[in-house]
Amino acid sequence: MAKTCLLLVSLGLLSFFRAAFCCPNDQKQALLKFKSAFLENTAVNSSSSDGFFSYGLEDWNSTSDCCSWDRVICDSRPNSRAVIALYLDSLQSREPVVVSSSVLAPLFGIKSLMMLILSSNHIQGQIAGEGIANLGNLVHLDLMQNNFTGSIPPQVFHLRHLQYLDLSGNLLTGVLKPEVGYLQKLRILKLDDNFIGGNIPMEIGNLTKIQELSLRNNHFSGGIPLSVLNLKGLQVLDLRENQFSQHIPTMIGRLSNLSTLALSKNKLTSVIPSSIQNMTKLETLKLDNNMLTGEIPSWLFNMKALKNLFLGKNALKWNNNAKIVPRCMLSGLSLQSCGLLGPIPEWISSQRSLDYLDLSNNKLEGIFPQWLAEMELGTVILSDNNLTGSLPPSLFHSRSLSLLDLSRNRFSGELPENMGNATAIMILILAENSFSGKIPSSITNIYRLLLLDLSKNRLSGTIPVFDPTSFLAYVDLSLNDFSGEVPITFSQETRILALRGNNFTGSLARNLTNFYMLEHLDLHDNRITGELPNFISELSTLRSLNLRNNSLQGSVPSSISNLSNLQILDLSHNNFTGSIPAEVGNLVGMIETPSIFSSISFIFTFSIEYTDLIVNWKRSVQGLSSSASIDIYSWLDLSKNHLSGEIPSSLGKLRGLKMLNISYNGLKGKIPATLGNLESLESIDLSHNTFSGPIPQSFTKLQQLTTLDVSNNHLKGKIPVGGQMDTMDDPTYYANNSGLCGFQIQLNCPDNKPPQAVEPVNESSESWFAWEAMWIGFPFGFIVSASVIFLTGFCTSRCLNNSIASS
C-alpha cells in the first residue's frame, strides 16, 4: 500500500514538474495556429510548384515543448515557462510571397510576450491595433521590412514598457500622433521608409530616454520642433529625405551626446548653426541636399570626433582662402557644388582614413594629383569640374577603389593599360572627356564591374571581350569612334546597352538574344545594314529599342508585337518599306501608361537621373527633366522611311503613347478616327505623307495634346473645334493641305458646307504603329551616393561584400 502511494505521489510530482517546465498549452496552441495560418497563406499565394517552406518552424509540432522550439524564448524562472520572445524574422524561403496580416491573430493572445520580431516577412494589411493592445508587456517590437498599410494604430503608443519600436520599410501613411509622447521608456524609434507626413509633434520632446530617432524617407514637413532639444540622451537623429523646411534649430548643439546628425535631402534654410561645434561626440554630420547658405565654417574641421562630413548640394560657399589644418580624421567627405576653385585641396592628403570623396560640380582645375591616386580610397567622385591631363596609372594600383566618377571634365590621353589591376571597381564613369585610343583589354579583368560609362570621348578601335558570366549590367560606349560589327561580347546579364553615335557596321547578330535580361538597346546613329531580324522578338525583357538613323531595310516584322514590355520603339531615318504591321497595335507596354520602374535602378542604392533623355521634336531639341524618365514615357517613331499603305486603325489601342511620329513616308488613305483614343498623346506628326479626307473629329478627345503636325498631305474639310484642338492654331501645322479650313488657319469654311461627319471608332479592327522624331540618349546621369547591391537575377553566391559609402 505504501509503495502504491509512493508511486502515485511520484507520478503527481512528475506531472507537476512537466507542467512547471513546459510552456503553457494555450500559448503552444497559439504558436501552432500561427504556423498553420502562415504556411497556408504562403502556399495559396506562392506560384512555385515546389510548394513553400519557412525557415525555423520545422520543429514546431504538437509532441514537443514549445520552449525548445527554434525562434521561441521562454521565461527562465522555475515557476513560469511562459513565452516571452519570438524571433520570427525572415521566415520565408525561396521566392517570397505576400502574407496577410490576419495570420498574426494567434500571436496576440500570448500576453506574456516582451519581444516580438516579425521583420522581413512581406506581411500586408493594417497593423491590428486591438491585437497589439493585448501585448501590454512588450518591450521590443520590430515590424520592419513588411508591407503594412494604414496609419500607426494608437494602441502602439499605450505600450508603456516599450523601449524599442521599429516600423521602418513599410507602406504606413497618416501622421505621427501626439500620443507618441506616452512612450516614456522608449530608447529606439525607427519609422524610416514609409509615407508618414505632417509635422513632428511637439510631444516628441517627452521621450527623454530616447537614444535613436530615425524618420528617414517619409513625407514629414514643417520645422524641426524645438522640443527635440529636450532629448539630452539622443545619440542618433536621422531626418533625411523628408520635406522639413525653416532653419536648423540654433541651439541644436545642446544635444551633446549626438554621434550622428543626418538632415540630408530636405528644404532646410539659413546657415549651419555654430552651436554644432559643441557636439564633442559628433562623428557623422550630413546636411547635403538642402537650401543652406553662407560660408562653410572652418571650425567643422576642428571637431576631433568627426568622421563623415556631407555638405554638398546646398548654396554653401567654400572659403578658398581659408587655411585648413584638420584636427579630425575623416572617412567620408562631400563638398559637391560648394564653389571650390583651383587645384584639389592638398589638405585632403592628411586624411589617411578617407574612403569616400565627392568634390563634384565645382570649379577645380589642374591634374589628378599623384597623392590622391595613392590614397587607396573606395569612392572618388570628381565629375563636373575642369580637371585636365591624363590619369595616373597608380590610381589603378588600388585594391580598394570601387567607384570612380570623373565624368564631364577635360581629361585627355589614353586610358592606363593597367586599369584592370583595380579589380574592386564596380562603377566606372569616365564620360564626356577627351580620352582617346583603345579601351585597355585589361578592363575585362574587373570581374565585379557593374556599370561602365565611357560615352562622349574619342575612343576608337574595337571593344574588348568581357566574360559572359560577369556582373556588367550597364554599358554605355556612345558617341565615340568605335568601329567594326556591333559588339555583343558583354555579360549575359546586361540590362542597358548604349552604343549610339559610333561607326558600327554590318547587320544585327543573333547572339544579341544571349542578353536575356536586356531592357534598353540603343544603336542609333551608326551604319548598321540589313533587315530587322525576327529574332529581335525573342528579347522579351526589352523596354526600349532605338535603331534610329542607320541603313536598315526590308519590312518591319510583325513579330515585333511579341515584345510585350516594349515602351519605346524608334526605327526612324532608315530605309524600311512595306506597310505598318497591324500587330504593332498589340504592344502591351504601349497600351497602358507606364508605371513600373526599370530594374537597373535596383542594382544601385544611389538614384539614377535620366538627365540625358532627349526629345527631338521636329527641329526643336529639348531635354526632359529627370523626373520625366523612361519609366513614364512611351513613344513610337517610324518617320523618314519608305513605308506605304494605310494606317491600321488598331493603333488606337496604344493608349499609353506620349509621342507618335509617322511623318515623311508614303502612307495614304484616311486618318483613322481611332487615333482619338490615344488619351495620353502629347505630340503627333503625320506630315509629309499623302493622307486624304478630313482630320478626325475624335482628335478633340486628345486632352494632353501640345503639338500636332498634319502638313504636306491632301487633307480637306473643317479642322475640328473643341478641346486642345482650339490651341493647335499654328498655320504651319496644316500647311500644304489646300482643302482645309477653320479658325486655326484663319480661313473660314463655306457656310453651305455640311457638318463634318464623325467617323466611328472601331477599336477591334487592325492595329499599327508610328510616331515622331524622338530619341533617348544614354548615358543616364547619376546622383552617386551609396552602396552597391544586386538585382534579382544576380546569384546570391556571387554577391559582393564590397560597398560604397552611403550619403
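Reference entry: report on the structure contained in this document. Just so you know, these numbers come straight off a predicted model, no measurement behind them. (Residues numbered from 1 in each chain as written. Predicted model: local features only at pLDDT ≥ 70, side-chain atom pairs only at ≥ 80, totals over all residues. Heavy atoms only, no water.)

Scanning the protein from terminus to terminus reveals five helices and 53 strands. For the protein, the residues scored as buried account for 55% of the 807 residues in total. Within the protein, counting contacts between residues at least 6 apart in sequence, those at least 24 apart form 55% of the total. (Helix = DSSP H or I, 4+ residues; strand = E, 2+ residues; numbered from the N terminus. Buried < 20%, exposed > 50% of the residue type's maximum accessible area, 1.4 Å probe, protein only. Contact = heavy atoms within 4.5 Å.)

Strand direction decides the pairing type here: strand β48 (residues 690-693) and strand β50 (residues 714-718), joined by two bridges, are parallel. Across the sheet, residue Gly693 finds its bridge partner in β50, namely Leu715. With three bridges joining them, β50 and strand β51 (residues 739-741) adopt parallel strand pairing. Residue pairing in the sheet places Lys718 in a bridge with Cys741 of β51. (Pairing = 2+ DSSP bridges.)

Below, the discussion takes up the packing of aromatic side chains. Counted according to the given criterion, the structure contains eleven aromatic pairs. Aromatic pair Trp60 and Trp69: ring centres 5.1 Å apart, planes at 20°, arrangement stacked. A relative accessible area of 3% means that Trp69 is categorised as buried. Relative to Phe435, the ring of Phe411 lies with its centre 6.2 Å away and its plane at 10°, an arrangement referred to as stacked. Of the two residues, Phe411 is situated in strand β25 (residues 410-414) and Phe435 in strand β27 (residues 434-437); the sequence distance between them amounts to 24 residues. By relative accessible area, which is 0% here, Phe411 ends up buried. On the basis of relative accessibility, which here comes to 1%, the residue Phe435 falls in the buried class. (Phe/Tyr/Trp six-rings, centres within 6.5 Å; stacked < 30°, edge-to-face > 60°.)

Looking now at unusual backbone geometry. Here the phi dihedral of Gln246 falls at roughly 65°; this positive angle occurs in a residue that is not glycine. Locating Gln246 in the fold gives a position in the loop between β14 (243-244) and β15 (260-262). Despite not being glycine, Glu376 has its phi angle at roughly 60°, a positive value. Here Glu376 is to be found in the loop between α4 (370-373) and β22 (379-381). For Glu376, a relative accessible area of 38% puts it in the partly exposed group.

With that out of the way, let us pick up the sheet that holds β14. As summarised here, the arrangement of the three strands in space is β10-β12-β14, forming an open sheet in which the pairing is parallel. Whereas interior strands pair on both sides, the edge strands pair on one side only; in this sheet they are β10 (197-198) and β14. Both β10 and strand β12 (residues 219-222) contribute to a ladder of two bridges, which runs parallel. Bridge assignment links Gly197 to a residue of β12, and that residue is His219.

Here we have three strands laid out as an open sheet, ordered β3-β5-β7, and parallel in their pairing. Two strands lie at the open edges of the sheet, namely β3 (99-100) and β7 (147-149), each paired on one side alone.

Turning to the environment of Gln235, a few remarks are in order. Structurally, Gln235 can be placed in the loop between β12 and β13 (236-238). On a C-alpha basis, the gap between Gln235 and Leu282 in space is 8.7 Å, while along the polypeptide they are 47 residues apart. Ignoring any residue separated from it by four or fewer positions in sequence, one finds Gln235 in contact with Gln211, Asn257, Leu258, Ser259 and Thr260.

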